[in-house]
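Understanding the architecture of this molecule
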Amino acid sequence: MDKKAKLDTAFLGQPRGLSTLFFTEMWERFSYYGMRAILIFYMILAVKDGGLGFDQTTAASVMSIYGSLVYMSGVIGGWLSDRIWGSRKTVFIGGVLIMLGHISLSIPGGSAALFASIAFIVAGTGLLKPNVSEMVGGLYSETDRRRDAGFSLFVFGINFGAAVAPILVPWASDGFGMNLFGGHINYHAGFALAAIGMFFGLLQYYFDGKKYLPSESNYPKDPIERENMKSIIIWTVIAIVALVAVVGLLGTMGNLNIDSIIWLITVIAIALPIIYFVTMLNSRKVEKVEKSRVWAYIPLFVAAAMFWGIEESGSSILALFAANRTVLHLGGWHFQAANFQLLNPLFIMILTPVFVVIWSKWKNQPSAPGKFAAGLVIAGLSYVFIAMPGLLYGTSGRVSPLWLVGSWFIVEIAEMLISPIGLSLTTKLAPKAFTAQMMSMWFLSNSAGQAINAQIVKFYTPGTEVQYFLAVGGASVVLGIILFFFVKPIHKLMAGIN
């Protein structure tokens, strides 16, 4: 394997298999971010005009809980890959489910099609996302120095697909769709383009994967032994029965609606990481030093959840701000509200090399908890910044798009301080017996943040715009300042990890 990896430089000096995974993930992100760019507008569009007729509060809440479910499902996807299917099969099944999700939305099926699509895409993304990244690492031996450069290329593919999608998919619905459907916006054309993107990703993954991906990816790393299968089935059935019972109880009480389901998912998203932390801190497999590191991780997890609640609001609160409060032209250049979704991946691509240079040159740089604290403060300031036009000019008219661009730029600076640092720190602080589960914890911080967001977005209205941004942004700033005072104690609990 080592010899082959050194000789295989077919893709920009990297193994040919990287090309397969690069384009698979690029198309997957294209489909996901393309769908995400227009989904909230489809939900709030009147039924008579081809939309679902949701009120803005419900639509924003659904978008947030959707994101929460996507990151929650990665826990199951990683487990299925490691124990049953192997990463290659798991990724392919995930891609098929994602494509079916986009196809569901491309067919005018009302709310039923929306919820079917959410189920497909949540399950599919959970299967694909964690495992395609793991397969990239499998292309290199432990001594191959190209690994970091290979992951950098892979991440570029992710962000490139995510940046292109908010341009092409809205064009398909507002441009091509209007021409095809008699001058009316047709979001189904945009969702169809997202489905086509995932289809291309699956096509090249299937055929290229046979030739260029390592054969080990066909097999689970830790296959389930027969004697363990019975207990797994029992616990799975118990979980399903409990969930059905709760849903049934809501139904008998007359409370089975979108809002109650969102509340249920919020509770699960918050409970899961708590259960994980309690399990690790009480496990006999976790040594004393490792437990100290888990304690150090808890405040960083809370900080990450706060950050993701703000950062991931791009497809909900900031999308509504773009549609309702932003002038959709700059000079003679006209654009759509959905196009603002490209700012996230675009700024990540611009800022990543800058921060790589900063961290490599800065000798006495802050510790990881210090970076988290600074990131929280900066993330909060992005909301304070977007509150300014409401304070200065009121909330009844439209303001320059540069306010939205500036807010997004500020929060992406915060992401540079939290997201890559958090990923690295998670692997370092993980107890040996919980290495894979600890990585799931990082994704659960995003899930918990978006689940909480699903509840607080209900307080966002045109009349409460300024108060909302200042309250949430202020909470992040205050939490960041508090974290600054605990940097040294947290660093001490990390027990030698820097």
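Residues numbered from 1 in each chain as written. Predicted model: local features only at pLDDT ≥ 70, side-chain atom pairs only at ≥ 80, totals over all residues. Heavy atoms only, no water.

1. Some remarks on the overall build of the protein
- Each helix and strand counted, the protein has 17 helices and 2 strands in total.
- In terms of overall dimensions, the protein is globule-like: its C-alpha atoms have a radius of gyration of 23 Å, near the 23 Å expected for 498 residues.
- Oriented by its inertia axes, the alpha-carbon framework of the protein measures out at about 60 × 55 × 55 Å.
- Relative to its 498 residues, the protein shows a buried fraction of 51%.
- Partitioning the intrachain contacts of the protein with sequence separation of at least 6 by distance along the chain shows that 80% fall at a separation of at least 24. (Helix = DSSP H or I, 4+ residues; strand = E, 2+ residues; numbered from the N terminus. Rg over C-alpha atoms; globule rule 2.2 N^0.38 Å. Buried < 20%, exposed > 50% of the residue type's maximum accessible area, 1.4 Å probe, protein only. Contact = heavy atoms within 4.5 Å.)

2. Examining helix α7 (residues 187-212)
- Its 26 residues place the ends of α7 37 Å apart at the C-alpha level, agreeing with the 38 Å of an ideal helix rising 1.5 Å per residue.
- Its maximal kink placed at Y206, α7 deviates by approximately 25 degrees. (Expected span 1.5 Å × (residues − 1). Bend = angle between axes of the 7 residues up to and from the residue.)

3. Side note on the packing of helix α4 (residues 87-106) against helix α5 (residues 110-137)
- Viewed as axis vectors pointing N to C, α4 and α5 meet at an angle of 155 degrees, and their least axial separation amounts to 7 Å. Taken together, the axes of α4 and α5 lie roughly antiparallel to each other. At the point where α4 passes α5, the crossing takes the left-handed sense.
- Its residues placed into classes, the contact of α4 with α5 shows 15 nonpolar, 11 polar and 2 charged. (Axes fitted to C-alpha atoms, helices over the stretch in contact; angles between N-to-C directions. Parallel < 35°, antiparallel > 145°, perpendicular 65-115°, else oblique. Left-handed = near helix turned anticlockwise from the far one by under 90°. Nonpolar A, V, L, I, M, F, W, Y, C, P; charged D, E, K, R; others polar.)

4. Notes on the packing of aromatic side chains
- Across all of its chains, the model carries 28 aromatic pairs by this definition.
- Ring geometry for Y32 and Y33: centres 5.6 Å apart, planes at 85 degrees, overall edge-to-face. Side by side, Y32 and Y33 carry an identical accessibility label, which is buried.
- Each member of the aromatic cluster is reached from another via a ring pair, and the members are F321, Y383, Y460, Y468 and F469.
- In this structure, R16 packs its charged tip against the face of Y212, placed 4.2 Å from the ring centre.
- Stacked on the ring of W359, the Lys or Arg K371 has its end atom at 3.9 Å from the ring centre. (Phe/Tyr/Trp six-rings, centres within 6.5 Å; stacked < 30°, edge-to-face > 60°. Lys NZ or Arg CZ within 6 Å of the ring centre and 35° of its normal.)

5. Focus: the environment of M43
- Relative to the assigned elements, M43 resides in helix α2 (residues 16-44).
- Contacts of M43, omitting those with residues within four sequence positions, involve L52, G53, F54, A59, V62, M63 and L114.

6. Considerations on the pattern of salt bridges
- Inspection of every chain in the model, using the stated rule, returns 6 salt bridges.
- One salt bridge in this structure joins R36 and E312, with 3.0 Å as the shortest N-O distance. On the criterion of sequence distance, the pair formed by R36 in helix α2 and E312 in the loop between α10 (288-311) and α11 (317-325) is long-range, its members being 276 residues apart.
- The exposure class of E312 is buried, given its relative accessible area of 5%.
- R325 is the salt-bridge partner of E465, the closest N and O atoms lying 2.7 Å from each other. Of this pair, E465 sits in helix α16 (residues 465-485) while R325 sits in helix α11; the two residues are 140 residues apart in sequence, bridging distant segments of the chain.
- Given a relative accessible area of 1%, E465 falls into the buried group. (Salt bridge = Lys/Arg side-chain N within 4 Å of Asp/Glu carboxyl O.)

7. A few points about α16
- With 21 residues, α16 extends 31 Å from end C-alpha to end C-alpha; this agrees with the ideal 30 Å at 1.5 Å per step.
- Those residues of α16 that fall on the buried side of the exposure criterion are E465, V466, Y468, F469, V472, G473, S476, V477, G480 and L483.

8. Observations concerning the side chain of E412
- By the secondary structure assignment, E412 is in helix α14 (residues 401-429).
- In this structure E412 is buried but unpaired, with R36 as the nearest side chain of opposite charge at 8.2 Å.
- Leaving out residues up to four positions away in the same chain, E412 has contacts with E311, N344, F347, I348 and L351. (Lys, Arg positive; Asp, Glu negative; His and termini not counted.)

9. Looking at the nonpolar core
- One finds L39, M43, F372, M441 and F469 to be the most contacted residues of the largest nonpolar core, which totals 106 residues.
- In contact with F469, other than residues within four places in its own chain, are I317, L318, F321, Y383, V384, I386, A387, Y460 and G474.
- The next biggest cluster of nonpolar side chains, apart from the first, holds 20 residues, and it includes F22, L128, F154 and I158. (Core = buried A, V, L, I, M, F, W, Y, C linked by side-chain atoms within 4.5 Å.)

10. Topic: the confidence of the model for the protein
- Here the protein shows a mean pLDDT of 87. Residues at 70 or above account for 96%.
- Model confidence for the protein, summarised as mean pLDDT per element, is weakest for helix α1 (residues 2-7) at 46 and strongest for α16 at 96.
- Taken as a whole, residues 1-6 scores under 50 in pLDDT and shows 10 contacts with residues more than four places along the chain or in a different chain.
- Considering only residues more than four positions removed or in separate chains, one finds that residues 176-183, a stretch of pLDDT under 50, has 12 contacts. (pLDDT = per-residue confidence, 0-100.)

11. Digging into the packing of helix α8 (residues 226-252) against helix α9 (residues 258-282)
- The interhelical angle for the contact between α8 and α9, taken along N-to-C directions, is 145 degrees, at an axis separation of 11 Å. In this structure, the crossing between α8 and α9 has a hand that is right-handed. Along the contact surface, α8 presents L243, V246, V247 and L250, while α9 presents S260, L264 and I268.
- In terms of residue class, the contact of α8 with α9 is built from 6 nonpolar, 1 polar and no charged.

12. Quick notes on the environment of L281
- Structurally, the position occupied by L281 is in helix α9.
- Considered as a pair, L281 and S292 are 11 residues apart in the sequence and their alpha carbons are 8.8 Å apart.
- In contact with L281, other than residues within four places in its own chain, are K291, V294, W295 and I298.

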